Amino acid sequence: MKSFVSQFFFLPADNIKKRPVVVILIALGLACVLSFSFAPEERVKFLVFAATLIFLGRATKKGYLSDRALEIRREKLRELLTSQRESEEAMKEALFYRDEFLSIASHELKTPLTSLKLQSQVFKRQILKNDLGSVRPDKMLRMMDQVDQQVNRMVRLVDDMLDISRIRTKNLRVIKSDVDLHVLIASFVSKMSPGLTKPELIVFKSYGSLFLNCDPVRIEQVLSNLLSNAIRYGRGTPIEVELLQAGVEVCISVKDSGMGISKEDQLKIFHRFQRAVPAREVSGLGLGLYIAREIVEAHDGKIAVESELGQGATFRVTLPIGGEA
Amino acid sequence: MKNLVFIIDDDDDVREVMCFALEFEGIKTLSFSDAVKATEYLRHLTPSQYPQLIVVDFMMPEMNGIEFIEHLRTHYPKTLARIPLALSTARDDIHKKIPAEVKLLAKPIDLGDFLGTVKGHLETPVNPSLSLSSYQDSPP
């Protein structure tokens, strides 16, 4: 029947299904022809009845309305498939970064373990040789101090990983009190400087006491991260830490004149597991700036970077005094 | 120069403890925080001043351990490339990328493995009672 109709109207058979209007017109035409078999006063009723049947018929599975419904369903399925594909891509990317992170974390933990293992084995060897007396006391003290530092280093790595977990579950703890940032930063810089090859590397500029309601441990954490990065990427250039008040905000900046950060990488560095330098070249978890940003935002503040490749970088933290920025 | 080992590692603490471990065995050390500085120092040495062994870390900025080895082989094939090398790394997936004659020291480094590697390249037997030399971060 379908092929007869298509041949009659010079249409391919499959076009009939996709042209419901043609089918309706054909059906209405037939109904008009049939209506002449009724009495004139009955023809209108018959035509209305026939037209109703025809349209209802198209609303079934092979009808016009169900074609439209089918099209809508196809569209929804396409959207679902696209969404699923995007979710799969996002999951693959997340798994990639997780595996990359685990590899980097493993390396980062093995570094302090290397020092700890060698130190303990050296002292054990000296004890077994009954030769501890040959070790100068200042040397022994230095080594024991290093053992303590390596343990602290591992504690920081583990804490960073815990912070990531807390951030993900919205449980990052911030315990605020009134803190003199001038004293906090000066003390932190003076603690950090002796461990540097050039203690005068870090210069702190401040204009007197500046109180802020904040978590001092977390603010030190942010400062530690910014200074570590400045030392790592600063190529031995002087690092300037500045504290000042600008209106209702406090601004802490850390500036170096090292390798700098490209505009493209500036968009990535605050994200988890992202670094501007390939993982193979520089050690580090890639979490520092992400955690720093979370801490700053937990204080209703902002963190930003200004940098040109090869011309150093300035990281600027702004924190509101007594309320939102 | 007899019984001299160069240590190249960007981590200050690892560098210091490796030198410390060797100094206890009466072995002189010279350490560098990056491979570029080490190369620059090495190329000014005469063969009699070469160390008996260079222990280089793999993961370092600017030039990693493998790039350092390849650089010596490419630019100094008859001189510096002949100095015995050991590569220290926390990675466990790079053993296929290093030449067969380069000893791999897996971090955390075992002292016995480390001393065994070093002593195998020394010219003279080590006298443990030798006085300790002070740790040096960079060459004089």
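Think of each chain on its own: its residues are numbered from 1, step by step along the sequence as written. Just so you know, chain letters begin at A and ligand numbers begin at 1, following the order they were written in. Reporting in this predicted model follows two pLDDT cut-offs: at least 70 for local features of residues, and 80 or more for side-chain atom pairs to be given and counted; totals over whole chains, interfaces and linings ignore these cut-offs and use all residues. Hydrogen atoms and water are omitted, and side-chain values are computed over all heavy atoms in the structure.

**Quick notes on the packing of aromatic side chains**
Aromatic rings from Phe, Tyr and Trp, with only the six-membered ring used for Trp, were paired whenever their centres fell within 6.5 Å, and each pair was classed as stacked if the ring planes differed by under 30 degrees, edge-to-face if by over 60, and tilted otherwise. Within this structure, the stated rule accounts for seven aromatic pairs over all chains. Ring geometry for Phe32 of chain B and Tyr41 of chain B: centres 5.5 Å apart, planes at 50°, overall tilted. Each member of the aromatic cluster is reached from another via a ring pair, and the members are Phe123 of chain A together with Phe20 and Phe24 of chain B.

**Thoughts on the nonpolar core**
The set of buried Ala, Val, Leu, Ile, Met, Phe, Trp, Tyr and Cys residues whose side-chain atoms join them within 4.5 Å is what this entry labels a nonpolar core. Burial status follows relative accessibility: with a 1.4 Å probe on protein chains alone, a residue under 20% of its type maximum counts as buried, one over 50% as exposed, and anything between as partly exposed. Formed by 45 residues in total, the largest nonpolar core has its most connected members in Leu181, Leu227, Ile252 and Phe315 of chain A. Residues count as neighbours in contact if any of their non-hydrogen atoms are within 4.5 Å of one another. Ignoring sequence-local partners within four residues, the contact set of Ile252 of chain A consists of Leu181, Ile185, Ile219, Leu223, Glu242, Leu243, Phe315, Arg316, Val317 and Leu319 of chain A. Core analysis: the next-biggest nonpolar cluster, separate from the first, contains 28 residues, Phe32, Ala38, Ile66 and Leu87 of chain B among them.

**As for the confidence of the model for chain A**
All names here are of chain A. Scored from 0 to 100, pLDDT records how confident the predictor is in each individual residue. Overall, the predicted model of chain A reaches an average pLDDT of 80, with 82% of residues at or above 70. Every helix listed is a DSSP run of H or I at least four residues long, and every strand listed is a run of E at least two residues long, numbered separately from the N terminus. For chain A, the element scoring lowest by mean pLDDT is helix H1 (residues 2-8), at 48; strand E5 (residues 249-256) scores highest, at 95. This stretch, residues 3-16, has a pLDDT under 50; its non-local contacts, to residues over four places away or in other chains, come to eleven contacts. Confidence drops under a pLDDT of 50 for residues 278-283, and excluding neighbours within four residues, the segment shows 20 contacts in the predicted structure.

**A word on the packing of helix H8 (residues 216-233) of chain A against helix H10 (residues 288-298) of chain A**
All names here are of chain A. For helices, the axis comes from a line fit to the C-alpha atoms of the stretch in contact; other axes are also lines fit to C-alpha atoms, and the angle between any two N-to-C directions lies between 0 and 180 degrees. The N-to-C vectors of H8 and H10 enclose an angle of 145°; their axes lie 9 Å apart at closest approach. Considering how the two elements wind past one another, H8 and H10 form a crossing that is left-handed. Contact residues: Arg218, Gln221, Val222, Asn225, Leu226 and Asn229 in H8; Gly288, Leu289, Ile291, Ala292, Ile295 and Val296 in H10. Residues that form the contact of H8 with H10 fall into these classes: seven nonpolar, four polar and one charged. Handedness of a crossing is defined here by the sense of rotation of the near helix relative to the far one, left-handed for an anticlockwise turn of less than a right angle and right-handed for a clockwise turn. Charged residues are taken to be Asp, Glu, Lys and Arg, nonpolar residues to be Ala, Val, Leu, Ile, Met, Phe, Trp, Tyr, Cys and Pro, and polar residues to be all remaining types, Gly included.

**Focus: the interface of chain B and chain A**
Frequently, the measure chosen for interface size is the accessible area removed from exposure when the parts meet. With 29 residues of chain B at the contact, the number on the chain A side is 31 residues. By buried area we mean how much accessible surface two parts lose on assembly, using a 1.4 Å probe and totalling the loss over both. Together, Phe20, Phe24 and Met59 of chain B form the three largest contributors to the area buried by chain B at its contact with chain A, with a combined 21%. For this document, the term salt bridge refers to a Lys or Arg side-chain nitrogen within 4 Å of an Asp or Glu carboxyl oxygen. Connecting chain B to chain A are four salt bridges. The salt bridge partner of Glu25 of chain B is Arg125 of chain A, with a shortest N-O separation of 2.8 Å. Of all the secondary-structure elements, those providing two or more residues to the side of chain B that touches chain A are helix H1 (12-23) and helix H4 (111-119) of chain B. Element by element, the count of residues in the side of chain B that touches chain A is highest for H1 of chain B, at eight residues. Looking at the side of chain B that touches chain A, its residues break down into 18 nonpolar, one polar and ten charged.

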